[in-house]
Amino acid sequence: MASPQAKRSLLGGPGVFLLFLALGCTAAPGTQLVRRLFLMELDLTETFPSFCSISKEEVRIVFSGNHYPCQLTFAQYACIPRSWLQVWNEDFLTLLYPCLMASGLPSALDPAYSILLFSKIDLLVIEATLKKFSQQSSAQTVLSDQWAAVLFNGLWMRLGPAFQARETQATRSQLLSWLQPFLLHPVAFDCLTAQNTSCQTFHNLISALNDIYSSLEVEKQRKIFEGMESFLLQEDSGSHCQGEAVPGLNSSSWLANYLGFFLERATVEELKRLVDEPKLQILARDPAALRLVSQLHLMPELARFYTALLTSPPSLNLSRIPDNLICYLSPEALRNTKVEDALALAQRLSKVCFDPRLQLDGNKSVPEPPSWEAKQVASGLLSSFGNFSEAILRRLGQTAVGLSVPQIEGKIGGQDLVAALPTLAQVKGWSTGQARALIQKLLDSGYEVLNVQSLTALGSLVAGLSSTLLQSLPPDVVLEAVKKPEFAQHLTHIPAMLKTAFVEQLALAVPSPTALVRAVPDTLTSGIPSAMLVFSSGDHPRLDDLNSQKWTQVQAAMFFDEVIKNVSDFNSLSPYILHGFTCASASSLNVEQVRQLAMIMKKKNVTLEAEQLSCLAKKVTEDGIPEDLDKYPRDIVLFLSLSTYTKTGDCKHFFIRVGESNLDVLQKDSPLRSKLLSEALTCLGILGTHISKEDIRILGQLACDLDGRYINNSAEVLLPRLEQCGGPFSLDQKEAANLALYSGASPYGPPSRWSVSTLNALRGLLPVFDRRIIRNIPQNVVISWLNLLDPSWPRQNLRAFIQNLPSSRYRRAAAQCPEEITEINEDLVIFSEKELRECLNASLLAANLDKIKTLPFTYEQERAFKNKLDELYPNGYPEFVINNLGSLFKLVTPEDIRKWNVTSVESLDTLLKASSENDDLAMLVINRYIQSGGPLNVTALNVIGSKYFCRLTEEQLNSIQPSALRMANSLNPSACSQSQKNILYPKAKIAFQDISFPKYYKLIQPYLGGAPTQDLKDLSQKNVNMDMETFMKLQEKAILPLTPEEVRGLLGQNLKGLKAEEKNSPIREWIIKQRQESLNALGIGLTGGIPNGYIIINLGNKN
């Protein structure tokens, strides 16, 4: 037996395995390795003889695969004599690993046993075993951190010297590819630290890992980076390998030497932890680092940070900035750029940032609008130009999208603009404001839009065309223009009202709705009004024509019933037809057909609404829950009965399905959604308000509805889930989440310790932040976060965040104007209101209102902007200012609006969107439009919409032409007064008079509140199955004369709903005028009618 002294040396000496016990790693340094292994084996043999009581024949049988390897412990394997291990089978590690997992967590001695075991096995045998193990390991093989570290500890002790000795990079990479299953566990890199792996070896390891980088999934790349970071942040030395001279390595190439391609998976904070920022600025500019970064696709936050490192003083020459970073250049970095240098950079920007857009995998995608970052760079670059000649405009290419409206209006000559039109017409991503300014400049310079050639020559600038100008063109001109594919593609991102105007013109140019379907390109499909999708029986579009269009749900519902009757293969229908599914079509199909249809919908990922899912669920489950429910639309489970489902499956499985569905199909406070949550909590046995991580997993989206009590008791597991919910949050959810975040009782810790990545991780909870939380976040973190801010974050939330920043810490306060403000950009966000009043030029503000709209200013700052505009335009704002007010509109007064001239429907649209929170101001805007001569045509009605439709005066409603109602999007006049409904119904009746049933009823239905008795009598003969909601909105005087049989004819299958409403007006008044025997004949239990034998005397007319 080993002496006590020997044991102490083994178990407690310097550098022994206990040092890294928790990590599954042990050190056995230098010349002591052989002696320590000998003592360990001696100790095992003498102290625990039973561990080694195994015969050579048993070892042979186990390693041959004919004996179950789990019968021996890891310690027993470790004490097998070296000579016996030569029968090691290459499959053995694959068979042994499940045994280790089943044995539980590793013991304190297992890391050392790993070294002992693998030290006895021939290198070639280990390599063959590893190769086999890595090949048979799959995504389903779950390696535990602990056992992965234990095995890697022994493997690397044996293979490390062999890895370093390999002469070629290819053979090193091959060896690491076999070790990949272990390297995906960051703790494996702690074994490198424990074994004092040199920086030279680590560099060689990273170089070899670079060779297999592209074959790794993103998640695996990230895991390996975490391990690399752990090695480089050794506790005893801070950031490792920075001060160590390694032969053959340039110390300034640290990023390339020790991070390699895995830099792509770092966050800004992790990079700052590895290297302090001043030194990082030097390392980032190293030629090897620049070559490395040029090959990477950095995440936006890291790309912005790295670019800032390169451009901070002293700035790197812009020509040396890698192409994949130039899209993240800041405006400050581009100031004072010489024109020639700017033009050279513009050509790079056009190629890299705009045309074509690249996906992450490097493949070209369908052209999309340029990114926010790209437009910011273009805008910053063009700010250094004076005037823009034709030659400059042509050389700018796609970068011309950075032109500001003031530059378009003041720095481009009219004739230069006309001459450069072929180039500008190909630029993608113009904002509506830019496009309108360019079109107006063209028109002012004598350009005329008269024919097909002059219309299509506008290209992408067509987005700035006014609907009035378009409607003045001959319809045939518009028809021929949209037939040109390149021009039709430019119509993808034009305003909705302009799409409507195009469709109006096309409808005038073709003879029928069927011809219209063929004539409208798919970029304009959404602009086709529902009334134009009613096809006559002899003139129905070909299925191929319907399949080629991207219909909205409302549009597809107009013809879905007819399509479904005439196809035998549901799989032949596009998703854009399938999402027009109606309950009426379900009633015309048998159960098997509905199930086939539903499975096709799942296969094609069709999005359905609550009503569609509800009737689909009823039909699909008529014969019980299908066994193959996974083949049906995922969200159908929301409308299944729990009691019915649990006949074939347990309730947990049911609620896992519910949690994985799109719960937003149901309104957050709807009875069904509340019922689902209540049943889920009962199913999980949750009686109190404590929620486990497993409960959260099962609840899925339902967890978003848990109230504040659950947050108070389970913030650690619930807040990360709430962050993904997207809101809106209830008041008690906000209060509880706020308290948990402020107190630090959350996974994010107290606000005083938050970082940029913490704020990014809390994106979805930003609305719950209050002043207490925001003012406890470190100042440098807030500033860094604001500088790296993702522009897609909700502006309202950001405004509230900035509003709560303490001015003494973040805001600039100036007794006098310290500098002239020459540019509108994100820097203004930290200016005080006083500074804005004193330093900001009103003309500069007015010319750049489009930029103000994109920045999260506080209400006080916006008030300062509004005051500046009032000073500049005391007699009322011009229309270009009105169109760019954005959030400043909420500061506008009725007196301001009365000074405006709202002459175009485009201005009306912009202002109504800005005034969505103030209906009174919106009506003032509408009245100003009408008073300025604006007609209530199709375009105007679509802009006004149902929200303001019923606030029009009777005189204004009388001016609407029936043809406008026919072509307009669906309007809901239910909120109108009876006198307004009486005006609208006759117009709607004329508008849809040539349309046959049942499509006529679908179109006239919203206007039936103004229908007279005779029209209702006529409808009762048409089998319309009027729903109760519509029936209750009919005017009382039209209902009272109807007989019970006529009411039966109107309601059809909805007749039973009459009973539920019998005590409500106008049903109550109708019942008391009917004979009870006639009511009895309806068979639904109505009471309160005139008893049999009574005589009705009409005293209303004494004559």
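Starting afresh in each chain, residues are numbered from 1 along the sequence in its written order. Note on the predicted model: pLDDT of at least 70 is required for a residue's local features to be given, and 80 or more for side-chain atom pairs to be given and counted; whole-chain, interface and lining totals, by contrast, use all residues. By convention in this description, side-chain values take in all heavy atoms of the structure and omit both hydrogens and water.

## As for the overall build of the protein chain
Keep this limit in mind: Put simply, DSSP marks the helices as runs of H or I at least four residues long and the strands as runs of E at least two long, and each gets a number from the N terminus on. Relative accessibility decides the category of a residue: with a 1.4 Å probe and only protein chains considered, values under 20% of the type maximum give buried, values over 50% give exposed, and everything between is partly exposed. By the convention used here, residues are in contact when the closest approach between their heavy atoms is within 4.5 Å. Accessible areas in this description were obtained via Shrake-Rupley with a 1.4 Å probe; residue shielding takes into account the shown protein chains only.
Helices and strands together make up the secondary structure of the protein chain, namely 68 helices and 0 strands. Counting only residues that meet the buried cut, the protein chain has 52% of its 1103 residues in that class. Restricting the contact set of the protein chain to residue pairs at least 6 apart, pairs at least 24 apart contribute 69%. Within the structure as shown, the protein chain displays about 49,400 Å² of accessible surface, and the carbon and sulfur contribution to it stands at 52%.

## Regarding the state of the cysteines
What counts is decided by this rule: We call a pair of cysteine sulfur atoms a disulfide whenever their separation is within 2.5 Å.
Inspection of the entire model under this criterion finds 6 disulfides. Linked covalently through their sulfurs, cysteine 583 and cysteine 615 form a disulfide whose S-S length is 2.3 Å. A torsion of -85° about the S-S bond marks the disulfide between cysteine 583 and cysteine 615 as left-handed. Separated by 32 residues along the polypeptide, cysteine 583 in helix α35 (residues 583–587) and cysteine 615 in helix α37 (residues 610–620) bring together distant segments of the chain. The disulfide partner of cysteine 651 is cysteine 683, and the gap between their sulfur atoms is 2.0 Å. Linking cysteine 651 and cysteine 683, the disulfide has an S-S dihedral of approximately 85° and is accordingly described as right-handed. You can see cysteine 651 sitting in helix α39 (residues 651–660) and its partner cysteine 683 sitting in helix α40 (residues 671–683), a full 32 residues away along the chain.

## Re α39
Our working definition: Polar contacts here mean pairs of N or O atoms no more than 3.5 Å apart (in protein, one a potential hydrogen donor and the other a potential acceptor; neighbouring residues in sequence count only if both atoms are side-chain atoms).
Among the residues of α39, those classed as buried are Phe654, Phe655, Arg657, Val658 and Gly659. Elements that come into contact with the buried residues of α39 comprise α38 (642–645), α40 and α41 (693–699). The N-terminus of α39 is capped by aspartate 650, whose side-chain oxygen sits 3.3 Å from the backbone nitrogen of lysine 652.

## With respect to unusual backbone geometry
Cis geometry marks the peptide bond from proline 313 to proline 314, where omega comes out at -10°. For proline 314, the position within the fold is in the loop between α17 (300–311) and α18 (331–334). Of note, the amide linkage connecting phenylalanine 997 to proline 998 takes the cis form, showing an omega dihedral of 0°. Positive phi, close to 55°, is recorded for asparagine 1023, a residue that is not glycine. For asparagine 1023, the position within the fold is in the loop between α62 (1013–1019) and α63 (1028–1032). Unlike most non-glycine residues, asparagine 1025 shows phi in positive territory, near 50°. Relative to the helices and strands, asparagine 1025 is located in the loop between α62 and α63. Taking the relative accessible area as the measure of exposure, asparagine 1025 reaches 25% and is therefore partly exposed.

## Observations regarding the pattern of salt bridges
For the record, the criterion: For salt bridges, the criterion is a side-chain nitrogen of Lys or Arg within 4 Å of an Asp or Glu carboxyl oxygen.
Taken as a whole, this structure holds 35 salt bridges when the rule is applied. Across the pair arginine 657 and aspartate 630 runs a salt bridge, and its minimum N-O distance is 2.7 Å. Here the residue arginine 657 occupies a position in helix α39, and aspartate 630 occupies one in the loop between α37 and α38, the gap between them amounting to 27 residues. Taking the relative accessible area as the measure of exposure, aspartate 630 reaches 53% and is therefore exposed. Residues participating in the shared-partner salt-bridge network are Arg222, Glu226 and Glu270.

## Section: the packing of aromatic side chains
Stated precisely, the cut-off is as follows: Within 6.5 Å between ring centres, the rings of Phe, Tyr and Trp (the latter by its six-membered ring) count as paired, and their orientation is classed by plane angle as stacked under 30 degrees, edge-to-face over 60, tilted in between. Two limits define a charge over a ring: the Lys NZ or Arg CZ must be within 6 Å of the ring centre, and within 35 degrees of the ring normal.
For the structure on display, the rule yields 20 aromatic pairs. Of the aromatic side chains, those joined through ring pairs into one cluster are Phe202, Phe231, Trp254 and Tyr258. Positioned above the aromatic ring of tyrosine 742 is the side chain of arginine 772, whose terminal nitrogen or guanidinium carbon lies 4.0 Å from the ring centre.

## Observations concerning the confidence of the model for the protein chain
For the record, the criterion: Across the chain, each position has a pLDDT score giving the predictor's confidence in that residue, from 0 to 100.
Residues at a pLDDT of 70 or more form 87% of the protein chain, whose mean pLDDT is 84. In this model, residues 28–35 is a region of pLDDT below 50 whose contacts with residues beyond four sequence positions or in other chains number 9 contacts.

## A closer look at the environment of alanine 112
Tracing the sequence through the fold places alanine 112 in helix α6 (residues 110–119). Sequence separation of alanine 112 and valine 150 is 38 residues, and the distance between their C-alpha atoms is 8.2 Å.

## Describing the side chain of glutamine 1035
Topologically, glutamine 1035 is positioned in the loop between α63 and α64 (1036–1039). Under the relative-accessibility criterion, glutamine 1035 is labelled buried at 7%. There is a polar contact of 3.1 Å between the side chain of glutamine 1035 and the backbone oxygen of alanine 1011. Ignoring any residue separated from it by four or fewer positions in sequence, one finds glutamine 1035 in contact with Gln978, Asn982, Gly1009, Gly1010, Ala1011 and Pro1012.

## Quick notes on the side chain of threonine 582
On the secondary structure map, threonine 582 appears in the loop between α34 (575–578) and α35. Using a relative accessible area of 12% as the deciding quantity, one classes threonine 582 as buried. A polar atom in the side chain of threonine 582 sits 2.6 Å from the side chain of aspartate 561. In this view, threonine 582 contacts Ala557, Phe560 and Asp561; residues no more than four positions away in its chain are not counted.

## Structural notes on the packing of helix α30 (residues 496–509) against helix α57 (residues 938–949)
Here is the rule we go by: To get an axis, fit a line to the C-alpha atoms, keeping to the stretch in contact for a helix; angles then go from 0 to 180 degrees between the N-to-C directions. We call a crossing left-handed when the near helix sits turned anticlockwise from the far one by less than a right angle, and right-handed when that turn is clockwise. Each residue is assigned to one of three groups, with Ala, Val, Leu, Ile, Met, Phe, Trp, Tyr, Cys and Pro labelled nonpolar, Asp, Glu, Lys and Arg labelled charged, and all others, Gly among them, labelled polar.
Between α30 and α57, whose axes approach to 9 Å, the crossing angle comes to 150°. As for how α30 packs across α57, the hand of that crossing is right-handed. Residues Met497, Thr500 and Glu504 of α30 form the contact with α57, whose own contacting residues are Val938, Thr939, Asn942 and Val943. When its residues are assigned to classes, the contact of α30 with α57 shows 3 nonpolar, 3 polar and 1 charged.

## Some remarks on the packing of helix α55 (residues 905–914) against α57
Quick reminder of the rule: Should an angle lie under 35 degrees it is considered roughly parallel, over 145 roughly antiparallel, and from 65 to 115 roughly perpendicular; all remaining angles are considered oblique.
Between α55 and α57, the least distance of the axes is 9 Å, while the angle of their chain directions is 25°. In this view, α55 runs roughly parallel relative to α57, as classed from their interaxial angle. Note on packing geometry: the crossing formed by α55 with α57 is left-handed. In contact with Val905, Leu908, Asp909 and Leu912 of α55, α57 contributes Thr939, Ala940, Val943, Ile944 and Tyr948. A class-by-class count of the residues in the contact of α55 with α57 yields 7 nonpolar, 1 polar and 1 charged.

## Details of helix α56 (residues 919–931)
To keep it simple, the criterion reads: Here the expected length of a helix is defined as 1.5 Å per residue gap, with one fewer gap than residues.
Taking 1.5 Å of rise per residue, the 13 residues of α56 would be expected to cover 18 Å, and the 18 Å separating its terminal C-alpha atoms lies within 8% of that figure. Along α56, the residues that are buried comprise Leu921, Ala922, Met923, Leu924, Val925, Ile926, Arg928 and Tyr929. In the core, the buried residues of α56 are packed alongside α54 (894–898), α55 and α57. One side-chain oxygen of the residue at the start of α56 lies 3.3 Å from the amide nitrogen of aspartate 920, identifying that residue as asparagine 918. One or two steps after α56, the chain reaches glycine 933, where phi turns positive at roughly 100°.

## Considerations on the environment of glutamate 592
Turning to its location among the elements, glutamate 592 is positioned in helix α36 (residues 591–603). Here glutamate 592 falls in the partly exposed class, since its relative accessible area comes to 45%. Along the primary structure glutamate 592 and valine 620 are separated by 28 residues, whereas in three dimensions their C-alpha atoms are 8.0 Å apart.

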